[in-house]
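# Survey of secondary and tertiary structure
Read off the chains here:
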Amino acid sequence: MSGSAFPVQGAGRGIASPGLALLALLIGLFLAAFLVIPVVTVIFVAFQPKGSTGFTLINFVDFFSTDLFRRSFWNSAYVSLMSVVIASLLALPLAYYTTRFEFRGAALVQTLGVIPLIMPPFAGAVAMQLLFGRNGTVNLLLDDWFGFKVPFMEGLNGVIFVEAVHYFPFILVNLSTSLRNIDRAMEEAAQNLGCSGFRLFRRIVFPLAMPGYVAGASLVFIKVFDDLATPLLLNVKDMLAPQAYLRITSVGLADPMGYVISVVLIVASLLAMWLSTLALRGKDYATVQRGGGGTVKRPLRGIDRVLAYGAITVVLVLVLAPHVGLFLLSIATIWSFAPLPDGYTAAHYARVLSESGQYITNTLIYAGLAGLIDVVIGSAIAYLVLRTGMPAGRWLDYVATAALAVPGVVLGIGFLRTYFGVTLPSGQSLAAFWGMIVLALAIRRLPYALRACMAAMQQISVSLEEAAQNLGATRSRTVRRIVMPLMLSGVAAGFVTSFATAAVELSATMMLVQTQSDAPLAYGLYVFMQSPAGRGAGAALGVIAVVIVGLSTYVSNRLVERDMAARSEAKE
Amino acid sequence: MTALLQPVGIDVEGVDLAFGATQVLRNVSLSVHPGEFFAFLGPSGCGKTTLLRLIAGFNVAQKGRVLIGGRDVTALPPWRRDVGMVFQSYALWPHMSVARNVAFGLEERRLPRSEVAGRVDEALDLVGLRHLKDRKPSQLSGGQQQRVALARTIAVRPQVLLLDEPLSNLDAKMRVEVRRELRELQQRLKLTTIFVTHDQEEANTICDRIAVMSEGIVQQVGAPMDLYDRPANLFVAGFLGTANFLEEGGRKVMVRPQNVQLGAEAATGAFMISGAIVHREFQGATMRYVLETERGPLIVDEPYDPGRSPYAVGSQVNAAIRPERLVAVA
């Protein structure tokens, strides 16, 4: 990632104290124990003959000569690519129209566009099934009116559809940022030379926004490739992540196939990241641009206007569909073979709140602890990298960021394999201890929290710290009195983001949950959704998850806004 | 360029322009003559860039017209106006090479490929950068980027050339060099050119005429020396160089610091004033004194003469101003 791009700032340059060295060492040990060793173990086992030691490729030969695995591999690749295509089709008009034109409700559209992210994709899956499935609302109506059905949700289509609707905001957000950051003179210069309309978009706007698009698209690809719960809930088993899960849970920890699939998942993630880096090489356009202002929005007229509002309405309906569906399901008595539920009830919520309070409590504890670990480690690494120039800091940054390439399933398998043999004083296996779920969540979310902490620290002018040191504050007192207060809101936003995404994470958790009483909300939701009778309660739990994550996201945005407002006031 | 176009004039007639509640241009009218190097000069926020962008078609006025070569272009979008603009940030497209940047406008005009290549080379020759045609903008220095931006604009042989603070991103030495080149190029191409700047020295040194702007109003239009010697009002007088303002016979008059003589005997007809020297600043070619007089502070510049000892701070001196050096200002 961009770790090497940070110049070391300030007076602390090149100074290593014993305290800082100890800090770096502790973080290093943490990352080694819960990221490097589990992942290396998984890779190691994939290259070992079953039940013995040594090096072999036989497991990979087995993998590629088994029809089911080959099919799973191509299915995963196909689903991921198609999800990127569909997600791009959803994101592009939204991003372009809202950043380039005077647009009624542009802010609303951008906000609504991010809504899918505040719901676990597998929760949306069931609702989508009810709305778009073979006997779902849309197809029943289509059949009634026109006498045909569209297989939105059949087999792989369903996974693609759900994943695209869920993950397209990654493209939307990145692309919108890119579009907004283009110096308006770039487009005006083209207009001045006679270029307009679609040619302007094709020749200037899109190439300049390419970095944002590629970043978003590769993220979507990786997320879909690694997703476990969505295909499982849609009963699609011949994809890679579900296969890894099924092998480990049904055949056992000794079966090499789970590990081979893990290696394939990691390689695919790395490949996607590498390709996107390659595509972006030398395209850091922001540095070339200077002066000029932001975007000027143009008025939208005639046919453009019709097209724009049309495209956006379609996308927004799709975006809101899973939420509406989930909510309807959570208050429905019976809903099947009918466009809408037969009747309405609050019983599901009553059931969830009386029976499943544990799920909610567990989630708040797990996600809270994971978020806390993340911001503590994230701030520490940010300080080591940005303020001390210790080479160790840079390495910690690389390793922590590398967690991006580790799919949740792989981390889960790694934890199981590494720590299953370790027993706690209580006689329980360490791998079955609930704390491991927290650690897995923390590792999974660390890269994002780390970026937030880095950003927060980079915004602090080094001269503020130097002034404190000049007035007699030691390094640690400077950190406590100057750096920490100034970073607070940025770090808080990082915490909330970690918390919110950890609250609905399922792929690593699914491998690690050993008892019902330790299960978090996402797992409970998955269990409920397995049986038709549990769907109403599952949906109610899903709505609660959406509310928790939605509130957290809102809080995080407010924190960032308040911080920015405070900064701009300070400048004036 | 081989084929010179007949230069055309630009007329702005009664333009009012507001962004929301902010009135940016107020009843602006001016005429730029064919082939002229013209400057919009004023402090930031005076509306000079807005006026330039109005001519290029990026801003739309609430009232008034813009004519280029006598043709009303007020309703035309930017891509139909055929005015070349060089942006303050240069706006070179980072995803295209220098040659592709320069070729862009020619391609948009659907010129045959062979002609495009020839005109790209021609334009790059004009700014002396043909050897860098395969570079990316990020591989060029600021001065080179500025020249590529200029080449890109003149490659399409626009009717008029608009320059938005083209020197502001260059260092001081480069600025002097480039502004001379700009002037030479403009003379060679006989291209009607408008140059936006907040730097009066830039405007004075290379422009034929200047429109001084403030608060969305054109304060005065004229040749640099006319504006300096006969400013129409306080703003123009103060913006173009240092000025002393005095009351004389019930009207406001202006005198430049170098037009005041110190230590002079009372001369017939001369306007006399006396005061104490409160500041002295050595400026190289001149010595600047600030006098405290009964009519307020007075700034005086005297040629620096190493053979003569300067007045000391605190000394009382007489100052004389010849009446023809007193200029009435509104």
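Up top is the structure these notes are about.
My aim in this report is to walk through the structure given alongside it, one point at a time. Nothing here was measured: the structure is a model prediction, and the numbers come from that model.

Quick look at the pairing of strand β11 (residues 244-248) of chain B now. Residue and element names in this part refer to chain B. Here β11 pairs with strand β12 (residues 251-255) via five bridges, running antiparallel. Counterpart to Asn244 in the pairing with β12 is Val255. Counting the residues in the hairpin turn of β11 and β12 gives two residues, including Gly249, whose phi is positive at 60°.

Turning our attention to the nonpolar core. Phe40 and Trp93 of chain B are the most contacted members of the largest nonpolar core, which totals 273 residues. Excluding residues within four positions of it along the chain, Trp93 of chain B makes contact with Met186, Ala189, Ala190, Leu193, Ile204 and Leu208 of chain A together with Asn101, Phe104, Pro137 and Arg152 of chain B. Core analysis: the next-biggest nonpolar cluster, separate from the first, contains 17 residues, Ile273, Ile277, Tyr289 and Leu291 of chain B among them.

Right, let's get into the interface of chain B and chain A. On the chain A side, the residues contacting the 31 residues of chain B number 24 residues. One can count four salt bridges joining chain B with chain A. Across the pair Glu108 of chain B and Arg203 of chain A runs a salt bridge, and its minimum N-O distance is 3.0 Å. Linking chain B to chain A there are 12 residue pairs in polar contact (both at pLDDT 80 or more). Among the secondary structure elements, those contributing two or more residues to the side of chain B that touches chain A are β6 (83-86), α2 (98-108) and α4 (142-154) of chain B. Broken down by element, the side of chain B that touches chain A gets its largest block of residues, five residues, from α2 of chain B.

A few words on the environment of Leu280 of chain A. Relative to the elements of secondary structure, Leu280 of chain A occurs in helix α12 (residues 257-280). In this view, Leu280 of chain A contacts Met210, Pro211 and Val214 of chain A; residues no more than four positions away in its chain are not counted.

Residue and element names in this part refer to chain B. Ordered in space as β13-β17-β14-β15-β16, the five strands form an open sheet in which the pairing is antiparallel. Each end of this open sheet is capped by a strand with a single partner; those strands are β13 (260-262) and β16 (296-303). Between one strand axis and the next, the sheet turns by 45° as a mean value, whatever way the strands run. Pairing geometry for strand β15 (residues 286-293) and β16, over eight bridges, is antiparallel. Looking at β16, one finds that Glu292 is bridged to Pro297.

Residue and element names in this part refer to chain A. Together, Leu22, Leu25, Leu26 and Leu29 make up a nonpolar patch on the protein surface, roughly 410 Å² of accessible area in all. Inspection of the secondary structure puts Leu29 in helix α1 (residues 18-46). Overall, the relative accessible area of 52% leaves Leu29 in the exposed class.

Below, the discussion takes up unusual backbone geometry. Residues and elements named next belong to chain A. Its identity is not glycine, yet Asn235 carries a phi of approximately 60°, on the positive side. Take Asn235: it is sitting in the loop between α10 (229-233) and α11 (240-251). Accessibility expressed as a relative area gives 55% for Asn235, which makes it exposed.

Analysis parameters
Residues numbered from 1 in each chain as written. Chains lettered and ligands numbered in written order. Predicted model: local features only at pLDDT ≥ 70, side-chain atom pairs only at ≥ 80, totals over all residues. Heavy atoms only, no water. Pairing = 2+ DSSP bridges. Helix = DSSP H or I, 4+ residues; strand = E, 2+ residues; numbered from the N terminus. Core = buried A, V, L, I, M, F, W, Y, C linked by side-chain atoms within 4.5 Å. Buried < 20%, exposed > 50% of the residue type's maximum accessible area, 1.4 Å probe, protein only. Contact = heavy atoms within 4.5 Å. Salt bridge = Lys/Arg side-chain N within 4 Å of Asp/Glu carboxyl O. Polar contact = N/O pair within 3.5 Å; in protein donor to acceptor, adjacent residues only side chain to side chain. Axes fitted to C-alpha atoms, helices over the stretch in contact; angles between N-to-C directions. Patch = residues over 30% accessible without salt bridge, like charges linked within 9 Å, V, L, I, M, F, W, Y side chains within 5 Å. Areas by Shrake-Rupley, 256 points an atom, 1.4 Å probe, with all protein chains shown as cover.

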